[in-house]
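# Reading the structure
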Amino acid sequence: MSTPLPPFPKRPEPADEPMLMELTSPSDVPQLRADAARNRARLLEAAARLVEEHGVGKLTMEAVAVAASVGKGTVFRRFGDRTGLLMALLDHTEQRFQAAFMTGPPPLGPGASPVERLHAFGCRSLREASEQLDLYLAAEPDPSRRFNSAPYRVRFMHLCVLLRQADPAADAELVAQTLMGYLDPALIHHLTRQRGMSLERLESGWHDLVDRTVRPPSGQGG
């Protein structure tokens, strides 16, 4: 059974800060009237309860409609299909994570060295994926969109920035792709559930990978 989802937050008022990229694009989630926004939140809260009680595998559009006491067509109109519903469930979790590594306190957020932030980013990402692993796997985009999804691009670009700061001579894009591969939910599923590895071991492996990746060339630094 999946770990309970965090409470679904009300969408904040527009701020002066740059907007975080969401799993769903602006065209997927148009500006909603207040009553429509409340209905959308109610549907997501019902879906979150179903995931908590029965797991992601039992989540259907019909079940959400029954739990929210609305017609099935309402759920389809709001989210399009089951994948759209799953992505919407992950959306607020992803925004919270993005806010943490973009503007939150160090070492995950600004104020720590790029290497310290790389270490913190991977550990937090591993924990986020582990806690909602079934949901992440169920919402995985098809192969043609996997590396172009908004959350993947945000995380990837963040790693590129940190890698360039840590080692300007490195091929940041290729190294970032390698690091992202370590954090892939499918790999986490394989290592933790099929191989029986602990999350602590995966975190230790991440620390080792980062240290080896950004270690200064021989004769330069400690």
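Here's a quick rundown of the structure. (Residues numbered from 1 in each chain as written. Predicted model: local features only at pLDDT ≥ 70, side-chain atom pairs only at ≥ 80, totals over all residues. Heavy atoms only, no water.)

## A short note on the overall build of the protein
When helices and strands are tallied, the protein shows ten helices and zero strands. Counting helices and strands in the order they occur from the N terminus, the protein gives α-α-α-α-α-α-α-α-α-α. Taking all 222 residues of the protein together, the buried fraction comes to 40%. Put simply, 67% of the contacts in the protein that link residues at least 6 apart link residues at least 24 apart. Accessible surface computed for the protein: about 12300 Å², of which carbon and sulfur atoms make up 54%. (Helix = DSSP H or I, 4+ residues; strand = E, 2+ residues; numbered from the N terminus. Buried < 20%, exposed > 50% of the residue type's maximum accessible area, 1.4 Å probe, protein only. Contact = heavy atoms within 4.5 Å. Areas by Shrake-Rupley, 256 points an atom, 1.4 Å probe, with all protein chains shown as cover.)

## Remarks on the pattern of salt bridges
Enumeration over the complete set of coordinates arrives at nine salt bridges. The partner of Glu 140 in a salt bridge is Arg 146, and the shortest N-O contact between them spans 2.9 Å. Residue classification places Arg 146 among the partly exposed residues on the basis of a relative accessible area of 26%. Ionic contacts of the salt-bridge type, sharing partners, join the residues Arg 96, Arg 124 and Glu 128 into one network. (Salt bridge = Lys/Arg side-chain N within 4 Å of Asp/Glu carboxyl O.)

## Brief notes about the packing of helix H2 (residues 61–68) against helix H3 (residues 72–79)
At a closest axis distance of 8 Å, the pairing of H2 and H3 adopts a crossing angle of 115°. Here H3 runs roughly perpendicular to H2, going by the angle between their axes. For the pair H2 and H3, the sense of crossing is right-handed. Of the residues in H3, those touching H2 at Met 61, Glu 62, Val 64 and Ala 65 are Lys 72, Val 75, Phe 76 and Phe 79. Considered class by class, the residues forming the contact of H2 with H3 number six nonpolar, no polar and two charged. (Axes fitted to C-alpha atoms, helices over the stretch in contact; angles between N-to-C directions. Parallel < 35°, antiparallel > 145°, perpendicular 65-115°, else oblique. Left-handed = near helix turned anticlockwise from the far one by under 90°. Nonpolar A, V, L, I, M, F, W, Y, C, P; charged D, E, K, R; others polar.)

## Some details on the side chain of Thr 192
When you line up the elements, Thr 192 lands in helix H9 (residues 185–194). From its side chain, Thr 192 meets the backbone oxygen of Ile 188 in a polar contact 2.6 Å long. Setting aside residues up to four positions removed in sequence, Thr 192 forms contacts with Leu 133, Met 197 and Leu 202. (Polar contact = N/O pair within 3.5 Å; in protein donor to acceptor, adjacent residues only side chain to side chain.)

## Some remarks on helix H1 (residues 34–54)
For H1, spanning 21 residues, the distance from its first C-alpha to its last is 30 Å, which sits close to the expected 30 Å at 1.5 Å a residue. For H1, the secondary structure elements touched by its buried residues are H2, H3 and helix H4 (82–103). Two residues or fewer after H1 comes Gly 55, characterised by a positive phi angle close to 90°. (Expected span 1.5 Å × (residues − 1).)

## Regarding unusual backbone geometry
The bulk of non-glycine residues show a negative phi, and the bulk of peptide bonds are trans. The omega torsion across Pro 106 and Pro 107 is 10°, close enough to zero to call that bond cis. Mapped onto the secondary structure, Pro 107 falls in the loop between H4 and helix H5 (114–131). Backbone geometry at Ser 69 places phi at a positive 60°, although glycine is not the residue there. Mapped onto the elements, Ser 69 comes out in the loop between H2 and H3. According to the relative accessible area criterion, Ser 69 is exposed, its value standing at 67%.

## A closer look at the packing of helix H8 (residues 172–182) against helix H10 (residues 199–213)
Between H8 and H10, the shortest axis-to-axis distance is 11 Å and the interhelical angle comes to 170°. In this view, H8 runs roughly antiparallel relative to H10, as classed from their interaxial angle. On H10, the residues that touch Val 175, Leu 179 and Tyr 182 of H8 are Arg 201, Leu 202, Gly 205, Trp 206, Leu 209 and Thr 213.

## Focus on the packing of aromatic side chains
Under the defined criterion, the tally for this structure stands at six aromatic pairs. Taking the centre distance of 5.1 Å and the plane angle of 85° together, the rings of Phe 97 and Phe 101 count as edge-to-face. Of this pair, Phe 97 and Phe 101 both sit in helix H4, four residues apart, which is roughly one turn of that helix. The exposure classification of Phe 97 matches that of Phe 101, with both residues buried. Aromatic rings pair up to connect Phe 97, Phe 101 and Phe 121 into one cluster. (Phe/Tyr/Trp six-rings, centres within 6.5 Å; stacked < 30°, edge-to-face > 60°.)

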